[in-house]
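Breakdown of the fold
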Amino acid sequence: QVQLVESGGGLVQPGGSLKLSCAASGTFQTIYAMGWYRQAPGKQRELVATITGGGTTNYADSVKGRFTISRDNVKKTAFLQMNSLKPEDTAVYYCGLTYWPYSDLDKYGYWGQGTQVTVSS
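Presented here is a report on the structure given in the accompanying data block. Not measured: the values here are computed from a predicted model. (Residues numbered from 1 in each chain as written. Predicted model: local features only at pLDDT ≥ 70, side-chain atom pairs only at ≥ 80, totals over all residues. Heavy atoms only, no water.)

The next point concerns the sheet that holds strand β1 (residues 3-7). Read from one edge of the open sheet, four strands run β1-β3-β8-β7, paired in antiparallel fashion. Only two strands of the sheet have a single neighbouring strand rather than two, namely β1 and β7 (67-72). Here the average twist between neighbouring strands, direction ignored, is 15°. (Pairing = 2+ DSSP bridges. Helix = DSSP H or I, 4+ residues; strand = E, 2+ residues; numbered from the N terminus. Axes fitted to C-alpha atoms, helices over the stretch in contact; angles between N-to-C directions.)

Here's what the structure looks like:
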């Protein structure tokens with residue numbers, strides 16, 4: 001059973017930066033896509049960013065130019081570098097993955113427990 005553990009969340013002032021990490025363990029299957037979603041209180045879950053094993057990335061319009069997703073395929077780890085953070089980025093951030101050949105995290109994703117990111121002065 002795959003386990004995903006997120007880390008790196010916390011409290012940061014507007015304009016600050018955080019880097020989230022997500023480590024996958026307990027699986028020997030080929031991981032295809034990894035990504036991050038977020039959910040703020042009272043709001044729907046929102047796709048933040050995804051990355052395939054080949055390095056193809058996709059971002060929500062709200063984070064383009066500020067967030068960067070990356071991954072280490074050997075270590076089965078994904079990262080989300082978040083810069084120029086805004087109060088509206090406050091949410092629980094969830095890391096997910098899919099196995100080959102599926103790319104749709106919504107339909108085929110496995111998820112971690114989430115890490116809280118709070119942007120406030």
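Using the criterion set out here, one finds one disulfide in the structure. A disulfide bridge connects Cys 22 with Cys 95, and the sulfur atoms are separated by 1.9 Å. Given an S-S torsion of about -80°, the disulfide between Cys 22 and Cys 95 has left-handed geometry. With Cys 22 in strand β3 (residues 18-25) and Cys 95 in strand β9 (residues 91-99), this pair connects stretches of sequence that are 73 residues apart. Per residue, the accessibility class of Cys 22 equals that of Cys 95, and both read buried. (Disulfide = S-S within 2.5 Å. Buried < 20%, exposed > 50% of the residue type's maximum accessible area, 1.4 Å probe, protein only.)

Here we come to the pairing of β3. The side chains of a regular strand alternate, first on one face of the sheet and then on the other. Only one face of β3 is buried, namely the one carrying Leu 18, Leu 20, Cys 22 and Ala 24, since none of Lys 19, Ser 21, Ala 23 and Ser 25 on the opposite face is buried. Examined bridge by bridge, β1 and β3 share five bridges and lie antiparallel to one another. Bridge assignment links Ser 7 to a residue of β3, and that residue is Ser 21. Bridge count between β3 and strand β8 (residues 77-82): six bridges; the pairing is antiparallel.

What follows covers the nonpolar core. By size, the foremost hydrophobic cluster in this structure holds 30 residues, and its most contacted members are Trp 36, Leu 80, Met 82 and Tyr 93. Looking at this core, the element that brings in the most residues is β9, giving five residues. (Core = buried A, V, L, I, M, F, W, Y, C linked by side-chain atoms within 4.5 Å.)

Moving on: the environment of Phe 79. Positionally, Phe 79 belongs in strand β8. Taking the C-alpha atoms as reference, Phe 79 lies 18 Å from Leu 11; in sequence the two are 68 residues apart. For Phe 79, the residues in contact, after removing those within four places along its chain, are Lys 19, Leu 20, Ser 21, Trp 36, Thr 68, Ile 69, Ser 70, Arg 71 and Asp 72. (Contact = heavy atoms within 4.5 Å.)

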